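# Descriptive structure summary
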Amino acid sequence: MAAWARWCYRHRLVVVVLWLGALLGLGAAGSTAGTAYTQVLSLPDTDSQRAHDLMTKAFPERSGDTDTVVWKTDAGSSVRDAAVRDRVEPALRRIAALDGVGGVASPYATGPRAAAQVSADGRIAYAQVTFVRQADEIPEEQIERVVDTAHAAAREGLQVEAGGQAVARTLEPSAGTPEAVGVAAAAVVLFLALGSLFAMLLPIVTAVFAVGTGVLATMLLSHVTDVPEVAPLLGSLIGLGVGIDYALFIVTRHRRGILRGLEPQESAVQAVNTSGRAVLFAGGTVCVALAGMLVMNLRFLDGVVIAASLTVLLGVLAAVTLLPALLGVLGVRVLSRRQRRALAASGPEPEEPGGLTARWSAFVRRRPRTVGVLALAVMVALAVPFLSLRLGATDQGTHQESTTTRQAYDLLAEGFGPGFNGPLQVVVDQRDPGATAELVERIRATEGVARVRQDPPAPPAPPSHVADTTVIEVVPTGSPQSEETGRLIDRLRGDVLPEAGADAHVGGVTAVSKDFAAVTADRLPYFVGAVVVLGFLLLLLAFRSLVVPLTAALMNLIATAASFGVLVAVFQWGWGGELLGLGEAGPLTALLPVVMLALLFGLSTDYQVFLVSRMHEEWAHTHDNARAVRVGLAETGRVINCAALTVICVCAVFTAFSAFPGRPAFVLSGDTEGAMAGIGLAAAVALDAFVLRTALVPAAMHLIGRANWWLPARLDRRLPHLAVEPKEAEPPAPEDLEVLVAAALGTPRPPVSPASPGPRGPAGAGGSHGVNPYGAAHAYEARNGARDLSGEAAKPLPPYDGQGPATPYGPYRPGRRTAPGARPSGVPGPRAPGIPGYRRAARGPGAPREDDAPMAGDTPMESAAPGPYGPVVHGFIITPDGDPIHSVTLTLLSKGGSQLDRVSSLADGSYILVAPAPGVYLLAAAAPGYASKARHIMLGDGPLTYDLELVEAVGGGVNAVT
């Protein structure tokens, strides 16, 4: 990853041109080829599908979607009045002549069937408009012409509305508008969070390139495979969310690297090599969650999986290729002006994270039980309504009251009963007319049936196979989405039709919706199980732990229950429906759990990977669980919350966008299904990011302790290695020690250019940046010609002899508890942690506070290795004459150069530093007016007393003898 990121950074113009070429090329190809989206919902082996197949075979001209045109007159008049008839009847004839319309059944025709299309009071009538194709296959332009023609007949005292599945499609917003508004909303959030215009543009540009190429590629794929029309919309939704998240994660790490002293190139390489690896893995988990929809065995979802997965993969590719190139274009301008001025004036920021998230992380460390219990209580309370979940189909009675579909729905319910909006079709396949008549009487006597009408075959002289099929229209007493109608369907299928001995099937839109809900409910456990198991295995490989993936799986399920609890309360119970501008309460759409769970599991796993990858990185360096959890949360909490806010903004726009400007609507163009998806996903992301990942997960990991990272040795040997973070750097060679010490202590020597030779050659080619934690720009020349800040020749660093007894390069004599120069036995030193009277050394300016110390609990020893006090080093800083030196900055570093602890000596010269585990460490000391000193020390499972003598500085030299 590092080499790849460095290549993209250096060849940034080539990378940008390639992405631009791909976007423009796909756009040209897509505009030429057009689209071939499909919208056929097939439910094999269901009763409603068999009814539909019989209808299509027997009456092909009636197999298309049937919508209604409804009109109502004022009190004192009738729809049969000549004035009303003269306006409506010509409009119906014009509708019948439009393209795509198979026929219009007018109430002004002769016969009993036409007379039944007028209400009992004569004020409401309807006409049935039958299209030649199903609603999802009808071009939107044809539907709009029907609606416009119907509305043109309205006048004062005559209300004309249109309703039905096809008409509802005209309420959808124009393509691209929600996406554009969502991007604008996300840009505002990013600008407020990052404080820089250029930094804000980076995630936006990266996500736009990914979504643009993904949508255009989906358009081309629609010509070679079945892709539903909703696939690009869902692909855009998740593409914008993850694309911005991935880029933001890398940009935040890059900005932090620059602020801590890295050159822009090395910072970008390090960001991609660390956060970029997590992005690659997170993108894979999202694709796995999306692929889980294939378990549902609903073929129309295959295209959704293809479109969404393709957009996610392109988002990952853009984050690790286009983003480093854009970082190269911007350089240090990725920081705000204020940050650039502060960096120039004060130098690099300390390694330890600060700010609100760091303080919250320290609070969680101190009160893990309290935080965990409160977070869990919130999630459980929100999940309670989930126990009342009911899947079904929302009818147009849940649309906004201002929409034509809702107005038509209300008029039909007023004139003909609520069940008229969702009639059932009993399709009978038999020759005996007497048996059919008997079946009609049985159905009419069934509880829950308002009226029954038998339709004769449409052709005047039908073939023999048509004569075998009869359609019985059944109007329930309840509305299409009511539980009463669902019980009626079960009663017809389970009792009435079998007892009559008829080969009959119950179909219609309401029956299809019920069957779809049943199929979804039956297969949903397999879908959830597949996603959870696959996610568990991926996290197991990534973090080499059993507890981490178990925690992630449990948190995903908790987030799911809580988010669906919110949906049940809002849409099924109707809490806050009026405030949000929603329609009547009803069941949740059956398709919603499938789509929402796939997106939620993917995004939740993303946040888990972002959070735990940083924790695991710190754990690999220190083996201190408390520090790993605290640092991981402190450094990723802000970016996770910011990423969640951008996703919430995108979901809110998709939810709140309305085709009716100026009206207070919080639904997607009156579409309740869109509102459910938007509100549900926004609630899920908010709960996941702000409650689970910020509070419950870190609290649980603090309570679990070192067991978070446990993996049986036998399983560890057999599992393939899939590292989310790069391997820890090898310890520096003896000849590079002086460079490491100078960088760690901030010795005042001028930085050399990246091309200058370091201890092992030019930077960027295995040179000084390989051992310098602050990058090539802060490499220090330790050879002849080096000068200090005053311009005088710098004192050369003494050579390393490699013979010290307590070094990683020479023998260590067992039993010796102190290194040369340590305080003799019997001389008191600072008390070890946990001993009464112990005082923590004061921190210097910019150093971590006591709350940020690498502790697991009330003392630094709770996460240390076994022993009386754990691995610590303590002692006094003195002059050669034995006088104490205060305000000495002491730093404990790992072999790879990572800072583990940092303190300032007290007035009596005492200090104490805490190590995460026994091992070899670098102890460095620096004080104004004194020569800096560094020593390698070896810590066991107890405290090590180690005194240091500092001499007055001469020429600003560094004593790096070990």
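Structural notes, computed from the coordinates. Everything numeric in this text was worked out from a predicted model, so none of it was measured. (Residues numbered from 1 in each chain as written. Predicted model: local features only at pLDDT ≥ 70, side-chain atom pairs only at ≥ 80, totals over all residues. Heavy atoms only, no water.)

## Side note on the packing of helix α10 (residues 231-259) against helix α11 (residues 264-291)
Stated formally: Lines are fitted to the C-alpha atoms to define the axes, a helix being fitted only along its stretch in contact, and any angle between axes, read from their N-to-C directions, falls within 0 to 180 degrees. Under the DSSP-based scheme used, a helix requires at least four consecutive residues in state H or I and a strand at least two consecutive residues in state E, with every element numbered from the N terminus. Working rule for angles: under 35 degrees goes down as roughly parallel, over 145 as roughly antiparallel, 65 to 115 as roughly perpendicular, anything else as oblique. In this scheme, a crossing is called left-handed if the near helix is turned counterclockwise away from the far one by less than a right angle; it is called right-handed if the turn is clockwise. Residues are grouped as follows: Ala, Val, Leu, Ile, Met, Phe, Trp, Tyr, Cys and Pro are nonpolar; Asp, Glu, Lys and Arg are charged; every other residue, Gly included, is polar.
The geometry of α10 relative to α11 is characterised by a closest axis approach of 8 Å and an angle of 155° between their N-to-C directions. As judged from the angle between their axes, α10 and α11 are roughly antiparallel. For the pair α10 and α11, the crossing hand works out as right-handed. When the residues that make up the contact of α10 with α11 are grouped by side-chain class, the tally is 14 nonpolar, seven polar and one charged.

## What about the packing of aromatic side chains?
Selection rule: Two rings belonging to Phe, Tyr or Trp (six-membered ring only in the last case) form a pair when the distance between their centres is within 6.5 Å. Interplanar angles under 30 degrees mark stacking, angles over 60 mark edge-to-face geometry, and anything in between is tilted. Exposure categories follow from relative accessible area, calculated using a 1.4 Å probe and restricted to protein chains: below 20% of the type maximum is buried, above 50% is exposed, and the middle band is partly exposed. When the NZ atom of lysine or the CZ atom of arginine is within 6 Å of a ring's centre and also within 35 degrees of its normal, the charge is said to sit over that ring.
In the structure shown here, the tally under the stated rule is 12 aromatic pairs. Relative to F610, the ring of F249 lies with its centre 4.1 Å away and its plane at 20°, an arrangement referred to as stacked. Remark: F610 occurs in helix α22 (residues 592-622) and F249 occurs in helix α10; sequence separation between them is 361 residues. Each of the two residues, F249 as well as F610, counts as buried. An aromatic cluster is defined as three or more aromatic residues linked by ring pairs; in this entry it consists of Y126, F416 and F420. The cationic tip of R12 hangs over the ring face of Y9; the distance from NZ or CZ to the ring centre is 5.4 Å. Taking the ring centre of F198 as reference, the NZ or CZ of R333 above it sits at 5.7 Å.

## Side note on the pairing of strand β14 (residues 889-893)
Let me state the cut-off plainly: When DSSP locates at least two bridges between a pair of strands, those strands are taken to pair.
Within β14, four of the five residues are buried, leaving the element largely enclosed by the surrounding structure. In this sheet, strand β15 (residues 899-904) lies alongside β14 in antiparallel orientation, the contact comprising five bridges. Following the sheet pairing, L892 is matched in β15 by D901.

## Things to note about a nonpolar patch on the surface
What counts here: Each patch is assembled from residues with relative accessible area greater than 30% and no salt bridge, linking like charges that lie within 9 Å and nonpolar side chains (Val, Leu, Ile, Met, Phe, Trp, Tyr) that lie within 5 Å. Only the protein chains shown count as cover for residues, and the accessible areas themselves come from Shrake-Rupley with a 1.4 Å probe. Salt bridges are defined as contacts in which a side-chain nitrogen from Lys or Arg sits within 4 Å of a carboxyl oxygen from Asp or Glu.
A contiguous nonpolar patch, built from V188, F191, L192, L197, F198 and L201 and spanning about 570 Å² of accessible area, is present on the exposed surface. Elements represented by at least two residues in the nonpolar patch include exactly α8 (177-194) and α9 (197-221). Along the chain, F191 falls in helix α8. Looking at F191, the relative accessible area reads 38%, which means it is partly exposed.

## A few points about the sheet that holds strand β4 (residues 158-163)
Convention followed: Residue contacts follow a heavy-atom distance rule, with two residues in contact if any of their heavy atoms lie within 4.5 Å.
The strand order β2-β3-β1-β4 describes an open sheet built from four strands, whose pairing is antiparallel. At either margin of the open sheet sits one strand with a lone partner, and together these are β2 (101-105) and β4. Neighbour-to-neighbour, the strand axes of this sheet turn through a mean angle of 20°, independent of strand direction. By the bridge criterion, four bridges tie β2 to strand β3 (residues 124-131) in an arrangement that is antiparallel. Bridge pairing links G103 to T130 in β3. Against the sheet, helix α6 (residues 140-151) contacts β1 (66-73), β2, β3 and β4, and its axis sits at roughly 165° relative to β4.

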